Amino acid sequence: MRWGATGRNMGWSPVIYLDHNATTPVHPEVRRVLSECLDQAWANPSSGYSAARRTRAVIDGARSAVAGLLGAEPDDIFIDTAGTESVNTAIASAARLHPEKPLVLISTIEHSACERAAMDASGESNVLRLRVDREGRYDLGHLASILAGEAPRIALASLMWANNETGVLPGIEAAAELLVEAGVPLHTDAVQAAGKLPVDVRSLPVDFLSISGHKLFAPKGVGALFVKRGAPLHALIHGGGQ
Ligand code: PLP
């Protein structure tokens with residue numbers, strides 16, 4: 001039995017669900033923890049009394065858990081509202097912080113969150129698109145030629161780890177090596193990779209990495225951005241430190 005936003009039974013009860021790339025149901029354990037938090041960890045975590053410290057401990061624990069999933073440190077994790085927000089933050093931030101580098105490099109297979117963010121941040125004519133081969137893998141010859149001509153003018157490369165439509169792993173590791181050599185910072189959209197594949201920021205030289213909760217049995221409306229220590233970030237939303 002499934003209940004709609006209005007509390008009405010929507011009469012939808014799938015027997016077999018096979019579209020976990022689109023989204024996942026909320027895991028019973030997640031539901032249990034969320035319910036406990038709603039009941040017991042509602043105090044403002046910035047305050048000094050014990051109820052507030054309980055909320056702070058829950059938030060710190062959640063941040064550590066996300067960091068653990070990615071091989072990161074808790075301080076390098078920014079929790080936000082979605083994969084879309086994480087991707088937009090990384091791209092808009094790079095464009096904003098590097099006006100002297102007008103180009104953003106993406107690939108032809110990116111999710112619309114990445115493509116639209118790149119077009120908004122740098123303008124259509126400043127978006128470079130890396131081709132993929134017949135198997136959907138990054139064309140490294142094309143990448144090398146783009147970098148040979150344009151590397152100093154690229155504020156950020158944003159390349160996905162796993163493709164949402166085909167499931168193909170386009171080869172982020174080899175692309176990252178070329179980008180590091182060329183001195184171009186890399187954001188990877190790991191929304192379809194995290195939780196399904198080992199994703200460890202200690203073994204892939206990325207500056208930014210985006211994930212989304214609802215692909216990982218959390219409810220909709222939760223995402224996270226990994227920001228490598230020392231990588232500059234300009235937030236999309238200001239204030240709200242509480
Ligand atoms: N990137 C990829 C590869 C996706 O598959 C999705 C969602 O389908 C997103 C980004 C956006 O994530 P969210 O739905 O959390 O905004």
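Higher on the page you've got the structure.
Residues numbered from 1 in each chain as written. Predicted model: local features only at pLDDT ≥ 70, side-chain atom pairs only at ≥ 80, totals over all residues. Heavy atoms only, no water.

What follows deals with the side chain of T89. Here T89 lies in helix α3 (residues 83–97). Look at T89 and you get buried, because its relative accessible area is 7%. Engagement of the side chain of T89 in a polar contact is seen with the backbone oxygen of E85, the distance being 2.7 Å. If near-sequence neighbours (up to four positions away) are discounted, T89 is found in contact with L225, L233, H234 and L236. (Helix = DSSP H or I, 4+ residues; strand = E, 2+ residues; numbered from the N terminus. Buried < 20%, exposed > 50% of the residue type's maximum accessible area, 1.4 Å probe, protein only. Polar contact = N/O pair within 3.5 Å; in protein donor to acceptor, adjacent residues only side chain to side chain. Contact = heavy atoms within 4.5 Å.)

A few words now on the nonpolar core. In terms of nonpolar packing, the biggest core is built from 37 residues, with L70, L105, L179 and L209 touching the most fellow members. Ignoring sequence-local partners within four residues, the contact set of L105 consists of L128, L130, L143, I146, I154, L156, A157, S158 and L179. V104, I106, A113 and V227 belong to the second largest nonpolar core, which has 17 residues in total. (Core = buried A, V, L, I, M, F, W, Y, C linked by side-chain atoms within 4.5 Å.)

With mixed pairing, seven strands are arranged side by side in an open sheet as β1-β7-β6-β5-β4-β2-β3. Edge strands, defined here as strands with exactly one partner in the open sheet, are β1 (77–80) and β3 (127–130). In this sheet, adjacent strand axes meet at a mean angle of 20 degrees when their direction is disregarded. Bridging between β1 and strand β7 (residues 223–227) involves four bridges; their strand directions are antiparallel. Across the sheet, the residue bridging to D80 is G223, located in β7. Relative to the sheet, helix α5 (residues 140–150) contacts β2 (103–107), β3 and β4 (154–160), its axis offset from that of β3 by approximately 150 degrees. Lying over the sheet, helix α6 (residues 172–182) contacts β2, β4 and β5 (186–189), oriented at roughly 170 degrees with respect to β4. (Pairing = 2+ DSSP bridges. Axes fitted to C-alpha atoms, helices over the stretch in contact; angles between N-to-C directions.)

On to helix α4 (residues 112–122), then. Among the residues making up α4, those that are buried are A113, C114, A117, A118 and S122. Along the axis of α4, the buried residues cluster in a sector spanning 120 degrees; they form a single face. Set apart from the buried face of α4 by more than 90 degrees, the exposed residues are R116 and D120. Residues of α4 that are buried make contact with α3, β2, β3 and β4. Positioned one or two residues after α4, G123 has a phi angle of 90 degrees, which is positive. (Arc of directions from axis to C-beta.)

Function cannot be inferred from these measures alone, as they are strictly geometric.
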